[in-house]
Every structure is written in C-alpha cells, then in structure tokens.
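Residues per chain are reported as follows:
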Amino acid sequence: MTASPRRVIIYARYSTDLQNPKSVADQVAMCRREAEAWGWAVINTRSDEGLSGSREDLPGYRKVLDDLRTGCCDIVMFESLDRLSRDQEHTARFHKMASHHEVELFALDGGFLDALRVGFTSTMAQAFLENLAFKTQRGLRARVASGHSAGGRAYGYRNRLDEQGQAVAGELEIDEAEAAVVRRIFRDYAAGISPQQIASRLNAEFIASPRGRGDGSGHWKQNTINGNRERGTGIPNNELYIGRRIWNRLRYSKDPSTGRKVSRLNKPEAWEVSEAPALRIVDQDLWEAVKERQARQTKLRTETANTDRTDLAANRVLKRRRHLLSGLVRCGICGGPMTVAGGSVTGCKRRYYCANAKEKGTSVCAGFPGILQSEIESFALQGLLDLLMQPAAYAQFKAEFERKLKAEQGHMAEDLRLGDRRIAETEKVKANLLRAVESGTFSEALITRLNEVVAELEEMKAQRAAAEPPPVELPEDLPALWRAHIEDLAGPLSDEGGWAGRRRSCARSWARWSCATPRRRRRTGERRGKLWRCCVNRQKPAAVLRAFVCAFFGCGGRI
C-alpha cells in the first residue's frame, strides 16, 4: 500500500515597498519545485507582503500558526528562516509550537531545521536587524549633517521638485497655503484661544488637518495643537517653524509584551540641531509669545500641590481668579493670605480679611478689621493710574494700538488668501464632478458627493465675504476711551468675561504682591512687584504700556 505524500504549507514574505513584489511569487515557485522533487503535496500557501519580519502580528504568519494548531500539515517550507521571522524570540516560539504539533520546518537554503540550527540562524537574523538599525541611524545622521531632512514631512512643508517635476529626497520647501494655517494657529494660541477652539474653527472652515493629506479623518483635534512641549510634538512646539531642525530627539523600541513601538525622549546632548532659515514660517516675536503662554500655564500647574489622583487641583488653578488681587494680598502681621468675604454679590461692601485669623484663630494671627475691597484695589492701582494718565503714555498707547490694528489687517489678508485658495481648489473638484456626470458616469454616490461639494463651496464663499476686513481707522473718541479705561481701571480688570480675564491676568503678572498691615489702629499698605517698581522709578514705561495695550486690546488675536 502506497503511503500518502507529506502535506506542505509554503510561507513567503518580503519586507518593504522598496523590494520587488514578485519576490513572494518567486519564493513560492522555488518552494513548489523543491516540494515536487521530494514528492510532497503542497496544500496551501501563506504570504506577507511589504511587512517587517520583526513583527509577530503578520496576517500570513498568524495563519501558519493556526495551521499548526489544526494539524493540517506535516511540513512548513520557506526560502530561509529569516523569511519566517527576524526576531529571535518569535522564531524560537514558532519552532517550539511546531515541535509540539509534530510539524517539521524546512528551509531551501538549509533543509530540515533542528533546535540547534534554529537557534543559530535566528541569532544571525537578530544580529542582522540590529546592524541594519545602526547603519540606518548612521545614514540618517549624515543626511541631517548635510542639511537635508531625515524623513517625515511636517505640516506647512512639501517636498521640493526638480526640473522634471520629481520630488527631491530630503529637501523641503514651504507650502504657503499650509504655512498660513500654521501662522494663524500661532496667533490664536498667543491670543489666549484654547486649542479646542482653534481646532473647532479650522474644522468649521473645512481646512484639512495634517492627517487629512493621507488616510486620516482630515479633522483637527485638540492634541494636534497642544502636542507635547518636551517632545516637540504639536504645531506650537515644532522648532522647524522658526528655522531650527532637530533630529534624534526621540528614540524608539518595541515593547516585547505588546509588540507596539514605544518612544522615549533622548537627552538634549544627543540631539542633532541645525539651522534652516529658509524653512522659517513663524517670526521670533510670535514664537516667544506662544512660549510665554505655555510657560505661564506650566507655572500655574506646578504652583498648586496636586493632592488628588484626577489632576483636578492642577486644572482648577488654570481657571480665572475671582478677584483682581486674589492670592496677592498678604497680612502684615502673620504673612498669611487675605481672603474676600461679606458684602453683596456686586462686591460693593466686600472686605479683605486675614484668612489665618478668620479660620485658625487668634493663636495664629491676632487679625484686624476687614479692609474694603474697593479701598485696597484703589490703593494698589493708584501708582499705575498716575503713570498711565501722562500725555506721553497716551501717545505711546495710540502708536501701539495703531500698529496692532495694521498688523491684524495683515493677518486677516493672509487668512483671506488662504480662503481664496481653498475656494479655487473646491471649484476644481466641483468642475471634475460635473464633467463626470456630463460624460455619463452617473451614480447615486457621485451625485451625493457633488451636492456636498456645492454646499461646502457656498459656505466657504459666505465665510469669505464675512471676513473682508474694514479699512484701518482709529476711533475719533480714542482719547476719551483711553481716559475712561484708566479712570475705571479696577472695574474692567475685575471682570470675569472673555478679554477682561486676560486683561487682569496681564495686570496681575506685573503687580505681583500687595500687603496690608494695621499699625496703632491705622491701616497702612505696602506695594510690591515689577509694575510698582516701574511706577516708582519711572523705569521701562514702554514695557508697561505694551503690557496694557496687550491687556486691553488683545495679544495678537482678532479685535
């Protein structure tokens, strides 16, 4: 009686898109000829194309493992062991499972494989991977040193094309349409607009996100804006936008338990930093304004003891202060904080009290009668009022205000040019869809897409018309407005809403502490902080004016 031929499953794989896809077909053909020479029956073929051998989640590889468990084969055949896997651990586990199910491994370049040959060959394959990683890193380092990109393309850039229209490897140039979006994000962020609001506005205007250029959803998200400052991710943290290229900031390794790639931050001395002034998109002042906002938020988080596990304490401190001098007034007796209490909801009779005396008793602080909130705020701001009511201060305010108006007009013009580009691109899409319909290519999906494009185009045009900037004109009553703001400075600075919150935040950063002390039943106060030093010494008046122009009329955002 003739014995049945041994059953064979063939496995083939090639690693990257740079290799010939015919490689899999060639491997299978060679294995078939070898199986026929031995008189074996090939019952199935498995393959993985364009996938690295260091992974264990390959579809074809997983199917071979399933074949082992079902016992449908006697031999697994491949060109060489490194086609099966280049990971030493994976190869050993595969061999162990094959042995358990009484299946033999056969390689064209070595015949049947025992434990010794599997161990030696898989070690050589692992060494090859490590050597390849070293040589790749060396090549990328040389590319960066020569002023080229080491790979990847940040939002705002595109590959430079040669005379034949072919992309030049490693050479980038600014994409003006995307660069306008980058500058807009920086301006909005510096103006205090939240990343979530920025993302929402970009999505509402149909501006494609970085992932929208490929297989992504095309939508902006909060973390696309925020990123990670330490790791240099996120739009406001990419130093290429100021013409500085940083490579080797992160290193990557594969988690053995999950098989997922994990990034780790390298030490700064391992970074490769080079200047690329031709790739600068954002000017230095705008970059520094964004960094200042990030630094303020980081400081606010670190100043609060984070005692809860939900990070609520750190988040609460980022909310607006309730009063102009909240957290700044100190008791002159014990040095503890003073808190506002009593009075009506309008605050007309609210008073500052020593929190230690009020909450901990006289053993900690003897305390003293409360001081009217309006009285202590007027005392704190009096020096500032004297400085800002001088004619020279108004003249400088007027010049700064006009400069900011003109700068904002320039930003709006850039946004309009970006909108015009998007309208032109959408018009082309509409025209292509109409031509397809006219040529007889009719389908429900095509008509649905055409209707969507028409609706988007109408909304874009409406937004474009609404965004047309008015001519730059200073209000005729600007001097009166200035005097009114200065005379009632405590009022708007104490308001919680919108711009007022930022006005107060700016003022608070200049007037850092005020203290109140009773002496012989008479209340005395002491002013401290950068702002008060400027008022007393008449130093840096320009800086004071810039701070309050920024506080009253924004920090670069739309007016």
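Look up a bit, the structure's there.
Residues numbered from 1 in each chain as written. Predicted model: local features only at pLDDT ≥ 70, side-chain atom pairs only at ≥ 80, totals over all residues. Heavy atoms only, no water.

*Asks:* For this particular structure, what's the right way to read the overall build of the chain?
*Replies:* A tally of regular secondary structure across the chain gives 19 helices and 17 strands. Considering the chain as a whole, with its 559 residues, one finds that 37% of them fall into the buried category. Taking the intrachain contacts of the chain between residues at least 6 apart in sequence as the baseline, contacts between residues at least 24 apart amount to 63%. On the chain, roughly 32,000 Å² of surface is accessible, and the fraction owed to carbon and sulfur atoms is 51%. (Helix = DSSP H or I, 4+ residues; strand = E, 2+ residues; numbered from the N terminus. Buried < 20%, exposed > 50% of the residue type's maximum accessible area, 1.4 Å probe, protein only. Contact = heavy atoms within 4.5 Å. Areas by Shrake-Rupley, 256 points an atom, 1.4 Å probe, with all protein chains shown as cover.)

*Asks:* Would you mind going over the sheet that holds strand β14 (residues 351-354) with me for this structure?
*Replies:* The 3 strands are arranged β13-β14-β15 in an open sheet whose pairing can be described as antiparallel. Every interior strand has two partners, whereas the edge strands, β13 (338-341) and β15 (371-372), have only one. Sheet topology note: the β14/β15 ladder contains 2 bridges and is antiparallel. Note that in β15 the partner of R351 across the bridge is L372. (Pairing = 2+ DSSP bridges.)

*Asks:* What am I meant to see in the environment of Y157 here?
*Replies:* Positionally, Y157 belongs in strand β6 (residues 157-161). Sequence separation of Y157 and E178 is 21 residues, and the distance between their C-alpha atoms is 7.3 Å. Within the structure, Y157 has its side chain in polar contact with the backbone oxygen of L279 (distance 2.6 Å). (Polar contact = N/O pair within 3.5 Å; in protein donor to acceptor, adjacent residues only side chain to side chain.)

*Asks:* Help me out: how do you make sense of the sheet that holds strand β3 (residues 75-78) in this one?
*Replies:* Backbone hydrogen bonds are what pair the strands of a sheet, in a parallel or an antiparallel way. Within the open sheet, the 5 strands sit side by side as β2-β1-β3-β4-β5. Their pairing is mixed. The open sheet has two edge strands with one neighbour each: β2 (41-49) and β5 (111-112). Bridge analysis of strand β1 (residues 7-14) against β2 gives 8 bridges, and the strand direction is parallel. Considered in β2, the bridge of V8 is made with V42.

*Asks:* Any chance you could explain the nonpolar core here in plain terms?
*Replies:* Nonpolar side chains tend toward joint burial in soluble globular proteins. Counting 33 residues, the largest nonpolar core has Y157, F186, W220 and Y241 as its most contacted members. For this core, the secondary structure elements donating two or more residues are β7 (167-174), α6 (176-190), α7 (195-204) and α9 (284-303). If you tally residues by element for this core, the top one is α6, at 9 residues. Core analysis: the next-biggest nonpolar cluster, separate from the first, contains 19 residues, Y11, F94, V103 and L113 among them. (Core = buried A, V, L, I, M, F, W, Y, C linked by side-chain atoms within 4.5 Å.)

*Asks:* For this particular structure, what's the right way to read the packing of α6 against α7?
*Replies:* The description of two packed helices rests on the angle between their axes and on the distance between the axes. Between α6 and α7, the least distance of the axes is 10 Å, while the angle of their chain directions is 145°. Here α6 runs over α7; the crossing is right-handed. Seen from α6, the contacting residues are V181, R184, I185, D188 and Y189; seen from α7, they are P195, I198, R201 and L202. Looking at the contact of α6 with α7 residue by residue, the class counts come to 6 nonpolar, no polar and 3 charged. (Axes fitted to C-alpha atoms, helices over the stretch in contact; angles between N-to-C directions. Left-handed = near helix turned anticlockwise from the far one by under 90°. Nonpolar A, V, L, I, M, F, W, Y, C, P; charged D, E, K, R; others polar.)

*Asks:* Would you mind showing me how to read the side chain of Q27 here?
*Replies:* By secondary structure assignment, the location of Q27 is in helix α1 (residues 22-38). Residue class for Q27 comes out buried when judged on its relative accessible area of 3%. In contact with Q27, other than residues within four places in its own chain, are A12, R13, E79 and R83.

*Asks:* Looking at this model, I keep getting lost on the environment of R422. Mind explaining?
*Replies:* Residue position: R422 is located in helix α13 (residues 391-438). Considering only alpha carbons, one finds R422 and L457, 35 residues apart in sequence, at a separation of 9.0 Å. Once you skip the residues sitting within four places of it in the chain, R422 turns out to touch E205, F206, I207 and M460.

*Asks:* Explain unusual backbone geometry here, please?
*Replies:* What you tend to see is this: most non-glycine residues have negative phi, and most peptide bonds are trans. Positive phi, close to 60°, is recorded for E102, a residue that is not glycine. For E102, the position within the fold is in the loop between α4 (88-100) and β4 (104-107). Even without being glycine, F206 reaches a positive phi, approximately 60°. The residue F206 is located in the loop between α7 and α8 (222-226) in this model.

*Asks:* Explain the packing of aromatic side chains to me, please; I cannot follow it from the model alone.
*Replies:* How two aromatic rings sit relative to each other is set out by the distance from centre to centre and by the angle between their planes. Summed over the entire model, instances satisfying the criterion amount to 11 aromatic pairs. Measuring from ring centre to ring centre gives 4.9 Å for W38 and W40, while their planes differ by 25°; the resulting arrangement is stacked. W38 sits in the partly exposed class, given a relative accessible area of 45%. Taken together, the ring pairs connect W38, W40, F106 and F112 into an aromatic cluster. Taking the ring centre of W287 as reference, the NZ or CZ of K291 above it sits at 4.5 Å. Positioned above the aromatic ring of Y189 is the side chain of R293, whose terminal nitrogen or guanidinium carbon lies 4.4 Å from the ring centre. (Phe/Tyr/Trp six-rings, centres within 6.5 Å; stacked < 30°, edge-to-face > 60°. Lys NZ or Arg CZ within 6 Å of the ring centre and 35° of its normal.)

*Asks:* Please explain the pattern of salt bridges as it appears in this structure.
*Replies:* Side-chain pairs of opposite charge can arise where the charged atoms are in close proximity. Here the structure, examined in full by the defined rule, presents 17 salt bridges. Salt-bridge contacts for R6 lead to E104; the nearest nitrogen and oxygen are separated by 2.5 Å. Taken as a pair, R6 in the segment before β1 and E104 in strand β4 lie far apart in primary sequence, 98 residues in all. Among the ionic pairs, D74 bridges to R7, the shortest N-O distance being 3.2 Å. Residue D74 is found in the loop between α2 (59-70) and β3, and its partner R7 is found in strand β1; the two are separated by 67 residues along the sequence. A relative accessible area of 21% means that D74 is categorised as partly exposed. (Salt bridge = Lys/Arg side-chain N within 4 Å of Asp/Glu carboxyl O.)

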